[in-house]
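Next come the chains, spelled out residue by residue.
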Amino acid sequence: MAAERMTISQFLANRRGRRRPDTSDLLTYLYLTIGTILMFGPVLWLVASSFKTQAGLVKYPPPLLPYQQVQVEVAGFDKMLPLYEVTLEDGTTQEMAQIRRVGIEARMIDPANPDAGETKVNIRQRTPVEEVKLAWENYLDPLIELDNFDFFTYLKNSIIVTSVATAITLVINSMAAFALSKYQFKGRDAIFVLFISTLMIPITVILVPVFLVITSIGWKNNLWGVIIPGAATPTGIFLLRQYMLTIPDELLDAARIDGASEWHIYWRIILPLARPALAVLAIFSVMWRWNDFLWPLIVLSQNDYFTLQVGLNAFQGELQIQWHYVLAMTVVTLLPITLVFAILQRFITTGIATTGMK
Amino acid sequence: MRLLSILDPLTRPILLLLVTVVDRVLTPIQRRIGIDKMGYFFVLPNLLIFGIFVLFPMLLNFYYAMTGGTKLFPEDRPFIGLGNFDNLFDCGDFLSPNSCQEDLFWRGIFNTIQFVIFQVSGIVLFSLITALVLNRKIVARGFFRSVFFYPVLLSPVVVALIWKWVLQHEGVLNAIVEIFGGESTRWLLDPNWALFWVVFVSVWALMGFYTLILLAGLQSIPPELYEASSIDGANNWQDFRFVTMPLLMPTMFVVLVLALIRAVQMFDQIYVLTGGGPGTRTQLLVQYIYTTGFASQIQLFGLSAAASMVLGITLLILTLLQLRLGNQSSLA
Amino acid sequence: MRKILALLVILTLLISALPGLSQDMVELRIRWYNDGNEGEVLRDLLDRYEMENPGISIEIDTVPYSAILENLPLDLAAGEGPDMARVTDLGGLAEYYLDMTPYLSDPAYWEDNFGPFLNWKRLPGDMSSIPGFMTQLTITGPFINRTLFEQAGVDVPSDMSDQVTWDEWAAASVAVAEALEIPYPMAMDRSGHRFAGPAISSGAMYFDDMGHPTVMDEGFRDMAERFVNWHLDGTMHPEMWPLSEGYAGANEEFANAELVFYMSGSWQVGQFSEQIGDAFDWQTVPNPCGPGGCTGMPGGAALVGIASTEHPEEVAAVMEYLASQEVLGEFAARTLFIPAHAGLSASGVDFDTDLQLAKDSLGVFVGQVGTLEQTAFDLQAYGNNRTVFNASRDRLTQAMVGELTLDEAIARIQDDIDTALAEQG
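Residues numbered from 1 in each chain as written. Chains lettered and ligands numbered in written order. Predicted model: local features only at pLDDT ≥ 70, side-chain atom pairs only at ≥ 80, totals over all residues.

### Quick word on the overall build of chain C
No. 1: Regarding its fold elements, chain C presents 19 helices and eight strands.
No. 2: In terms of overall dimensions, chain C is globule-like: its C-alpha atoms have a radius of gyration of 23 Å, near the 22 Å expected for 425 residues.
No. 3: Projected onto the principal axes, the alpha-carbon positions of chain C cover approximately 70 × 60 × 45 Å.
No. 4: For chain C, the proportion of its 425 residues judged to be buried stands at 55%.
No. 5: Within chain C, contacts between residues at least 6 apart in sequence are counted, and of these 75% link residues at least 24 apart. (Helix = DSSP H or I, 4+ residues; strand = E, 2+ residues; numbered from the N terminus. Rg over C-alpha atoms; globule rule 2.2 N^0.38 Å. Buried ≥ 20, exposed ≤ 12 C-beta atoms within 10 Å, placed from the backbone. Contact = placed C-beta atoms within 7 Å.)

Structure below.
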């Protein structure tokens, strides 16, 4: 008990440097290993599953890798025949191709020696011979084959929505944050509280009224209808304002003495100084917009305007979910954001850390 | 960044033009109204969008809450005053949902309270532990930091799909359990397991973000303080208890507030993962509002709006309370 | 940062100049959802039509099914609907449908061939409008894994009698499952529509004398009780109903031969052909019997014209093409859908599959049309039926997990229906 208490307390207090490896290090790496498996495992499983065929997806226990049954060509048959490993009556096993199955009896043939004729085998005596084979068609069908799934249009729309919305969000949120942190005007605090108090209201609960507003403006099936309503983010204003409060007023005053206009101050002084906070907001905005589903689905009902998230959900039917496509296309939507993250990883994590949400 | 500079000849003039035009327009205005009133100008674009797409819909929602019927346009709907609220609060006993007219509303409330308590404590606990671990001298810290952050990037729908795929009865988790000799379990069917997984999955998806914030808090604690306390003969536990925790408190407060907000809003992830089941065990208030007003054949916009008003007012009080508390703690 | 911003500003400027659609041809839009390959087949058929009619272009907007249920009604109410849509809430949206009668060259063809199904898409009291046609007729019914019966040495009840009760099927399925140590004897899709067939068979009336929907009768209670108990004692797959929001199926379990008896419907045939093929003998059996008959539920999706369209003549022309016996026959053959068309029913459809199991199964379903009870048709034709179905589904689920007693659950179903209908006025 005492020893245990010791390790835990060592662990709690331990900081970087000045120590030799001990139990608490062991605990640390154990935690990190389990954490890595937990965090990445499910995602990798998704990727692995996305390469399975429709039949492969419903198998249980689920095989780790995408297996498909081996098909062989046998002289005298037009079609490829599925290959099985058969336990014969004398207890030996042999690989045989199945011609057809009637009830619980399969008629099999030896592919190496088709002239030997058919053998009747109880289906419990045979197991499929499988090989690892990636079902690329899960990816290729939606990208190329399916006429009603216009991947590249959706991709284009997603990119437009994400980038334009992020640009607008950054500009107007930083302007508002600038006003709320650096000016004294009547109603300032009221406006701030108004912004912040909506921080907690999820759009889900006011879907219908916002929908009405959008249709009366005529933004139904218009990308602006997706972009604009979410641009005034309370989170962004909060984050930027907190950061801008730390910029000394003297800097601004000095610029004013030099004759700089307020806009100039915003553009040339505030924006560059608020870069870390802007970067964090940019990352969040990209994330939100790229992943947004509920709202775009309400605004957009025509193919030409679909974003990826809306398009990929079209594989969810009334009575069937086409899992093989859903999984593959989910992986495709994950790719860009993973890639961006992998490249900017250091920048992002330290960015959030250093803005510190003071 | 370097890649983008190829575009400089193209972007720079346009941007310069834009900025100069804005400046030209603004300078005379600034001269007339004075510096401080320029604040109005800067806050205007945001305020406009906010007014049209957030504030106005909320007022509209308020009106919806006072109307009945199933018509979409407010002018077609009969005004019924507080009728919808009467229905919501029509209860034999407020602690027993089955005695209420709108039993699902009350189940939603109780489930939300439970979920929020478990989820927020889960997030605080695990992001604290993770931050402490990442703050140690470890190899590949950047890598591990990213590992824990990665799920934050995923959309709620994708998160739910991933875990649904893992947790289903024919899924990989049961396959693993069986390998180790356990019995496969219907993870999302047992009421208590379902609540556990709903909480677990949302902690999984969100904790990376809070970990980073806490990590920043930990790293901003000056090392001299620990040296001083070790001179005083403090052991590690006392270090943690009397140095780390007090200095981490403001950061913890931010984490708590943000986590709370997210928890109350939680919707799509749970909707896709369990659909609110088993039964209504994981059906939260937001789902009730969504289903009643949107996902039913006969859409009861009024009742749904009334429920969202109840949610909104509760949240507003909570937020203002937190702002006040937050101000006090940042003063302290 | 600034460079990124600049780039984004340019992008913003570019999209504000997004090109509009060229207006020299009539463009029609179909709001559509997919369960399988039907969208691709439709596209193919429409491509042919566009070739012959260069003045018309038809766009298919494929959305998730949830958007057909939840977003489409909002769009329609707000006047933002498409020109045509594939819908399943046939009666509930009837007020928005286009009556194509004045634009059709041969309205009699529609009456003759789609007659029995047209009233599913009409408002109460409307006896004449022609809003569209069924893309498929579905019939609910059970599938069995015959191979499992053979392996277990248990006789298939329907081989021996034309009138098998639910209890007999349950006993046989449990016997098979126990003999082979299979986890699930039976399963039923999570849907109030699926439940309605067995309920009517056991005597549920679903409507009172005034035509108001009711579930407060012995027949409904009888089946509900049996059904809830089967979930509790493991006769029925215990995961599907309690777990999900909305619809859930047991395709995985059935395809893995872990399920003996699966109450679903004709739309599964295409899926099973893909997922199972001929790995075992899957077979459709007639709906089990009770005091109220041996009925399943009819159902299906319809393609309808929307009244707010600016091009009613073109909509009618396209519909006429798609509904013609030849084209609809090809559509049915390639999608493995059962057509709701008198001419095709008479001539039969040569379904486009090599799999004898699939052909046989579709044959049994087609044969089931004659055994459906009138109540089943009435319920399907009733505009607010989804309110009844969803309340049954959700409240019975609560009874299974113990949140409500059976009688409380039934009272709540009735209450939910009454509240919603009263609100609708």
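### Focus on the overall build of chain B
No. 1: The helix and strand inventory of chain B stands at 13 helices and zero strands.
No. 2: Walking chain B from its N terminus toward its C terminus, one meets helices and strands in the order α-α-α-α-α-α-α-α-α-α-α-α-α.
No. 3: What you see for chain B is a C-alpha radius of gyration of 26 Å, clearly larger than the 20 Å of a compact globule of 332 residues, by over 25%.
No. 4: For chain B, with 332 residues in total, the buried portion stands at 47%.
No. 5: Counted over contacts in chain B with a minimum sequence separation of 6, partners at least 24 positions apart contribute 62%.

### With respect to the interface of chain B and chain A
No. 1: Counting from both sides, the interface comprises 88 residues of chain B and, opposite them, 80 residues of chain A.
No. 2: Among the elements that make up the side of chain B that touches chain A, the one with the highest residue count is helix α2 (residues 38-65) of chain B (19 residues).
No. 3: Residues of the side of chain B that touches chain A, tallied by class, amount to 60 nonpolar, 18 polar and 10 charged. (Nonpolar A, V, L, I, M, F, W, Y, C, P; charged D, E, K, R; others polar.)

### What about the packing of helix α4 (residues 103-134) of chain B against helix α8 (residues 191-219) of chain B?
Residues and elements named next belong to chain B.
No. 1: One can describe the packing of α4 onto α8 by two numbers: an axis separation of 7 Å at closest approach and a directional angle of 45°. Considering the angle they form, α4 stands oblique to α8. The element α4 and its partner α8 pack so that their crossing is right-handed. Facing α4, whose interface residues are F115, F118, Q119, G122, I123, F126, S127, L128, T130, A131 and L134, α8 presents V198, V199, S202, V203, L206, M207, Y210, T211, L214, L215 and L218.
No. 2: Broken down by class, the residue content of the contact of α4 with α8 amounts to 16 nonpolar, six polar and no charged. (Axes fitted to C-alpha atoms, helices over the stretch in contact; angles between N-to-C directions. Parallel < 35°, antiparallel > 145°, perpendicular 65-115°, else oblique. Left-handed = near helix turned anticlockwise from the far one by under 90°.)

### A few points about the interface of chain A and chain C
No. 1: In this assembly, 36 residues from chain A lie in contact with 46 residues from chain C.
No. 2: Of all the secondary structure elements, the ones that give two or more residues to the side of chain A that touches chain C are α3 (54-57), α5 (151-182), α7 (207-217), α12 (275-291) and α13 (294-299) of chain A.
No. 3: A class-by-class count of the residues in the side of chain A that touches chain C yields 17 nonpolar, 13 polar and six charged.

### Quick word on the domain arrangement of chain C
All names here are of chain C.
No. 1: Split into domains, chain C comes out as domain 1 (25-137 + 299-356) and domain 2 (141-297 + 364-424).
No. 2: On the domain 2 side, the residues contacting the 15 residues of domain 1 number 19 residues.
No. 3: Tallied by class, the residues present in the side of domain 1 that touches domain 2 amount to six nonpolar, seven polar and two charged. (Domains from an automatic or database assignment.)

### Observations concerning unusual backbone geometry
No. 1: Of note, the phi angle at B:A140 is positive, near 55°, even though the residue is not glycine.
No. 2: Despite not being glycine, C:Y206 has its phi angle at roughly 65°, a positive value.
No. 3: Mapping C:Y206 onto the fold places it in the loop between α8 (192-201) and α9 (218-232).
No. 4: Classification of C:Y206 by C-beta neighbours within 10 Å gives buried; the count is 21.

### Some thoughts on the environment of C:G348
Residue and element names in this part refer to chain C.
No. 1: Checked against the element boundaries, G348 lands in the loop between α15 (342-347) and α16 (356-368).
No. 2: Judged by local crowding, G348 falls into the exposed class, with 11 C-beta atoms found within 10 Å.
No. 3: Sequence separation of G348 and V369 is 21 residues, and the distance between their C-alpha atoms is 14 Å.

### Let's talk about α7(A)
No. 1: For α7(A), the full list of buried residues reads A:L207, A:V208, A:P209, A:V210, A:F211, A:I214 and A:T215.
No. 2: Note on α7(A): the residue one or two positions beyond its end, A:G218, has a positive phi of about 90°.

### A word on helix α6 (residues 188-197) of chain A
No. 1: Those residues of α6(A) not exposed but buried are A:I191, A:F192 and A:F195. Projected down its long axis, α6(A) carries its buried residues within an arc of 100°, all on one side. For α6(A), the exposed residues set more than 90 degrees away from the buried face come down to A:D189 and A:A190.
No. 2: Where α6(A) is buried, its residues touch α5 and α9 (234-244) of chain A together with α2 of chain B. (Arc of directions from axis to C-beta.)

### Side note on the environment of B:V201
Residue and element names in this part refer to chain B.
No. 1: Relative to the assigned elements, V201 resides in helix α8.
No. 2: In this structure, the C-alpha to C-alpha distance between V201 and Q297, residues 96 residues apart in sequence, is 30 Å.
No. 3: When neighbours within four sequence positions are excluded, V201 is seen to be in contact with V159, W163, Q269 and L273.

### Remarks on the pairing of strand β5 (residues 184-188) of chain C
All names here are of chain C.
No. 1: Most of β5 is tucked away: five of the five residues are buried.
No. 2: Bridging between β5 and strand β6 (residues 259-265) involves four bridges; their strand directions are parallel. Bridge pairing links A187 to Y262 in β6. (Pairing = 2+ DSSP bridges.)

### Some thoughts on the nonpolar core
No. 1: Grouped together as the largest cluster of nonpolar side chains are 303 residues, with contacts concentrated most on A:A176, A:I227, B:W163, B:V198, B:Y210, C:A187 and C:V260.
No. 2: In this structure, B:Y210 is in contact with B:I123, B:S127, B:V255 and B:A259, ignoring residues within four places of it in sequence.
No. 3: In terms of nonpolar packing, the next biggest core, distinct from the first, is built from nine residues, A:V86, A:A97, A:A106 and A:M108 among them. (Core = buried A, V, L, I, M, F, W, Y, C linked by C-beta atoms within 7 Å.)

### Description of the pairing of strand β8 (residues 298-305) of chain C
Residue and element names in this part refer to chain C.
No. 1: Of all eight residues making up β8, eight are buried, and the element is well covered by its neighbours.
No. 2: By the alternation rule, side chains of β8 split into P298, G300, A302 and V304 and G299, A301, L303 and G305, which are all buried.
No. 3: Inspection of the sheet shows strand β3 (residues 84-87) paired to β8 by four bridges, in the antiparallel sense. Across the sheet, residue M84 finds its bridge partner in β8, namely G305.
No. 4: Where strand β4 (residues 132-145) and β8 come together, seven bridges link them in antiparallel fashion. Pairing of G132 across the sheet is with V304, part of β8.

### Structural notes on the confidence of the model for chain C
No. 1: Summarising the model, chain C shows a mean pLDDT of 89, and 93% of its residues fall at 70 or more.
No. 2: Two summary scores accompany this predicted model of the complex, namely pTM at 0.83 and ipTM at 0.81. (pLDDT = per-residue confidence, 0-100.)

### Let's talk about the packing of α5(A) against α2(B)
No. 1: Running from amino to carboxyl end, α5(A) crosses α2(B) at an angle of 145°, the nearest separation of the two axes being 7 Å. The hand of the α5(A)/α2(B) crossing is left-handed. Where α5(A) abuts α2(B), its residues A:I172, A:N173, A:M175, A:A176, A:F178, A:A179 and A:L180 lie against B:G39, B:F42, B:V43, B:P45 and B:N46.

### Describing the environment of C:L232
No. 1: Turning to its location among the elements, C:L232 is positioned in helix α9.
No. 2: As for C:L232 and C:M400, which are separated by 168 residues in sequence, their C-alpha atoms are 6.9 Å apart.

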